[in-house]
Amino acid sequence: MNKVRLALFASGTGSNVMSILDYFKDHQHVEIVFVLTNNPQALVVEKAQAFGVRIDVLSNEIVENGNILSTICEAAAIDYVILAGYLRKIPADFIHNYPQKIINIHPSLLPKFGGKGMYGDNVHKAVLAESEVATGITIHFVNEEFDKGELIAQFSCALAADETLATLKEKIHALEQLNFPKVIEKTVLN
Ligand code: GRF
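Glancing now at the sheet that holds strand β3 (residues 54-57). Pairing in this open sheet of 7 strands is mixed, and the strands run β3-β2-β1-β4-β5-β6-β7 from one edge to the other. Each end of this open sheet is capped by a strand with a single partner; those strands are β3 and β7 (151-158). When strand polarity is set aside, the average angle formed by the axes of neighbouring strands in this sheet is 20 degrees. Taken together, the 7 bridges between strand β1 (residues 4-10) and strand β2 (residues 30-37) define a ladder with parallel strand orientation. Its bridge partner being in β2, L6 is matched across the sheet by I32. Helix-sheet contacts for helix α1 (residues 15-24) involve β1, β2, β4 (80-83) and β5 (102-106), and the interaxial angle to β2 is about 160 degrees.

And the structure:
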C-alpha cells in the first residue's frame, strides 16, 4: 500500500505541527511530505527545519492564490492537507480541488466561538468572557464557510473558576496534541 501523503499548513508556534510530525515519524501508512507557512517569522519554521522536514515559506499573496497552492500540492502528490494553526483563508478553488481532504483544528467546541475573527487568543478570550464551564477543540473538514465544514471529532475540558488566558491555552494545546494526530490517522486511513 502506498503511504497517504499529508501537507501541514501552519502560521504559529507549531506545537500541533510538532506533535503530528512526531506521531507520524516512521509511520507505516502515513507520511508528512512538507510543512507550508505564510509567516517567515513563525516559530514553526525553525522547528520544522530542526526536525528535517521540507518547509515551504510563502508570502501572503502567494497563499491567496488557489492555483499555486494546488500546483504545489499536486506536484507533491498530496492526499490530505492539515491546517494546524494556519491563519490565512483557504482559497475557494483550492477547496474545490481538495473536497473533504482539508482538515482543520479549532480551539473551541464549534459552533460556539467560531467564524470570522475567531482564531488564536480571540477564541480563548471570548470563552473566558462568557464564563463558560467547559470548552474544548473541534476537528473538522474545511468548506468555503469559516468553521462550518463537516464535523470529524470534538473533545472537551472543564474550565476552572480561576482559569486565565495562559492556563486555558495550555489546556487546549494539551488536548490538541493528545488527540489531533490520532484523529488525523483515523480519518486519512478510513
Ligand atoms: C491551536 O490552538 C489551534 O487550535 C489553532 O491555533 C493554535 C495553533 O497553535 N487553530 P500551534 O501553532 O500549533 O502551537
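All of the buried residues along helix α4 (residues 66-75) are G66, L69, S70, I72 and C73. For α4, the arc enclosing every buried residue in end-on projection is 165 degrees, short of the 170-degree limit, so these residues lie on one face. In α4, the exposed positions angled more than 90 degrees off the buried face are occupied by N67, T71 and A75. Sitting at the amino-terminal end of α4 is N65, which places a side-chain oxygen 2.9 Å from the backbone nitrogen of N67. Looking one or two residues beyond α4, the residue adopting positive phi is A77, at roughly 50 degrees.

With that settled, the discussion passes to the packing of aromatic side chains. The geometry of an aromatic ring pair comes down to the distance between the two centres and the angle between the two planes. For the structure on display, the rule yields 4 aromatic pairs. Taking 5.4 Å as the distance between ring centres and 65 degrees as the angle between the ring planes, the aromatic pair formed by F9 and Y86 counts as edge-to-face. Here Y86 lies in the loop between β4 and α5 (92-97) and F9 lies in strand β1, a separation of 77 residues in the sequence. Both residues of the pair, F9 and Y86, count as buried. An aromatic cluster is defined as three or more aromatic residues linked by ring pairs; in this entry it consists of F9, Y86, F94 and Y98.

All right, on to the site of the ligand then. Every residue near the ligand is listed here: G12, T13, G14, S15, N16, G85, I105, P107, H173 and E176. H173 is positioned with one of its side-chain polar atoms (N or O) 3.0 Å from an oxygen atom of the ligand. Between the ligand and E176 there is a distance of 2.3 Å, counted from an oxygen atom to a side-chain nitrogen or oxygen. When isolated, the ligand has an accessible area of 370 Å², and the protein chains bury 88% of it.

Right, let's talk about the environment of I62 for a bit. With respect to the helices and strands, I62 occurs in helix α3 (residues 60-63). Taking the C-alpha atoms as reference points, I62 and V183, 121 residues apart in sequence, are found 29 Å from one another.

Within the secondary structure, A7 is located in strand β1. C-alpha separation for the pair A7 and E46, spaced 39 residues apart in sequence, amounts to 17 Å. Residues contacting A7, with those up to four places away along its chain left out, are F34, I78, Y80, V81 and I82.

Moving on, we get to the nonpolar core. Nonpolar side chains tend toward joint burial in soluble globular proteins. Core analysis: the largest hydrophobic core is formed by 40 residues, its most contacted members being L6, I20, I82 and F180. Here this core gets 7 residues from one element, more than from any other, and that element is helix α7 (residues 165-188). Not counting chain neighbours up to four residues away, the residues in contact with I82 comprise L6, A7, L8, F9, I20, I103, F180 and I184.

What counts and how
Residues numbered from 1 in each chain as written. Predicted model: local features only at pLDDT ≥ 70, side-chain atom pairs only at ≥ 80, totals over all residues. Heavy atoms only, no water. Pairing = 2+ DSSP bridges. Helix = DSSP H or I, 4+ residues; strand = E, 2+ residues; numbered from the N terminus. Axes fitted to C-alpha atoms, helices over the stretch in contact; angles between N-to-C directions. Contact = heavy atoms within 4.5 Å. Buried < 20%, exposed > 50% of the residue type's maximum accessible area, 1.4 Å probe, protein only. Arc of directions from axis to C-beta. Polar contact = N/O pair within 3.5 Å; in protein donor to acceptor, adjacent residues only side chain to side chain. Phe/Tyr/Trp six-rings, centres within 6.5 Å; stacked < 30°, edge-to-face > 60°. Near = heavy atom within 4 Å. Areas by Shrake-Rupley, 256 points an atom, 1.4 Å probe, with all protein chains shown as cover. Core = buried A, V, L, I, M, F, W, Y, C linked by side-chain atoms within 4.5 Å.

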